[in-house]
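These are the residues of each chain, in order.
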Amino acid sequence: MPAMKISIEKAKADKLFYVVANAVVYRESDGKCLILKRSEREIVHPGLYGVVGGKLEWNDILIEKPDNINGDILDYHDSIEKLIMREAKEEAGIELFPELKYMHSKAFIRPDGIPVVLIKFTAKYKSGEVILEEGAFTEYAWVDSDEVKKYSCIDGITEEVDHAIAIWQK
């Protein structure tokens with residue numbers, strides 16, 4: 001029988017992670033990528049520049065509306081892709097083209113002890129003027145591989161901007 005609600009009651013405590021997806025947004029018109037300065041109140045990387053993205057939330061998975069029922073399993077297609085599109089709109093006010101290109105993944109532990117699985121993509125900017133999410137970000141910049149080095153970024157962002165530009169300019 002398929003699940004009737006989302007729950008962690010039967011989950012093993014040592015198998016729980018936040019699932020986070022981020023995207024380095026590439027703007028084809030000038031070959032630059034978007035970076036956003038995180039608020040000083042953020043738990044993870046306060047005051048540093050990062051990219052759009054966020055956590056997969058339970059309300060992203062509407063239990064009553066699966067895309068497919070696979071035996072007793074409820075499937076929800078493109079959850080990560082939808083997450084990236086939503087976060088780009090919420091955090092920066094922009095739209096992205098739906099094609100995402102995988103960059104890498106990693107697991108890490110936040111300062112508050114919560115384990116995270118991070119999946120990193122690059123996506124192409126489609127439209128919209130950057131309007132930062134109030135309280136979450138304080139500044140933004142469109143940067144190329146040299147300009148990004150002038151900003152205080154989360155470790156790895158400089159290389160990811162470089163990688164995203166290389167991916168899209170092939």
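To be clear, the structure that these remarks concern was listed above.
All values derive from a computational prediction rather than experimental measurement. For every chain, the first residue of its written sequence is number 1, and the numbers climb from 1 along that sequence. Local features are withheld for residues below a pLDDT of 70 in this predicted model, meaning they are given only at 70 or higher, and side-chain atom pairs are given and counted only at 80 or more; totals for whole chains, interfaces and linings count all residues. Side-chain numbers come from the whole structure's heavy atoms, not from hydrogens or water.

When you look at the packing of aromatic side chains in this model, what are you seeing that I'm missing?
The way to describe two aromatic rings as a pair is by their centre distance and the angle between their planes. When two rings of Phe, Tyr or Trp (its six-membered ring) have centres within 6.5 Å they constitute a pair, described as stacked for plane angles under 30 degrees, edge-to-face for angles over 60, and tilted for the intermediate range. Considering all chains together, one arrives at four aromatic pairs under this definition. On the basis of an interplanar angle of 10 degrees and a centroid distance of 6.5 Å, the ring pair of Tyr 26 and Trp 168 is categorised as stacked. A residue pair is termed long-range when its members are at least 10 positions apart, and Tyr 26 in strand β1 (residues 18-27) and Trp 168 in helix α2 (residues 157-168) qualify at 142 residues. Here the aromatic rings of Tyr 49 and Tyr 151 are separated by 4.9 Å at their centres, their planes lie at 70 degrees, and the arrangement is edge-to-face. One end of the pair, Tyr 49, is in strand β3 (residues 49-50); the other, Tyr 151, is in the loop between β9 (137-143) and α2, and 102 residues separate them in sequence. Judged by relative accessible area, which is 30%, Tyr 151 ranks as partly exposed. Geometrically, a lysine NZ or arginine CZ counts as sitting over a ring once it is within 6 Å of the ring centre and also within 35 degrees of the ring normal. Here Lys 101 stacks its cationic end above the ring of Trp 168, 4.8 Å away from the centre of that ring. Here a strand is any run of E in DSSP of at least two residues, a helix any run of H or I of at least four, and the numbering for each starts at the N terminus. When accessible area is computed with a 1.4 Å probe and restricted to protein chains, residues below 20% of their type maximum are described as buried, those above 50% as exposed, and intermediate ones as partly exposed.

What should I look at first to understand a nonpolar patch on the surface in this one?
Patch rule: a residue counts if its relative accessible area is over 30% and it has no salt bridge; like charges are joined within 9 Å, and nonpolar side chains (Val, Leu, Ile, Met, Phe, Trp, Tyr) within 5 Å. A 1.4 Å probe and the Shrake-Rupley method give the accessible areas. Residues count as covered only by the protein chains that appear here. Should a side-chain nitrogen of Lys or Arg be within 4 Å of a carboxyl oxygen of Asp or Glu, the pair is scored as a salt bridge. A grouping of Ile 6, Ile 8, Leu 16 and Trp 58 is seen on the molecular surface, where their side chains present a nonpolar patch of about 370 Å² in accessible area. You can see Ile 6 is positioned in the segment before β1.

Teacher, can you tell me more about the environment of Leu 118 here?
One can find Leu 118 in strand β8 (residues 115-127). Through-space distance from the C-alpha of Leu 118 to that of Ile 6 is 22 Å; in sequence the pair is 112 residues apart. Note on contacts: a residue pair qualifies if any of its non-hydrogen atoms lie within 4.5 Å across the two residues. In this structure, Leu 118 is in contact with Val 20, Asn 22, His 104, Ser 105, Lys 106 and Phe 108, ignoring residues within four places of it in sequence.

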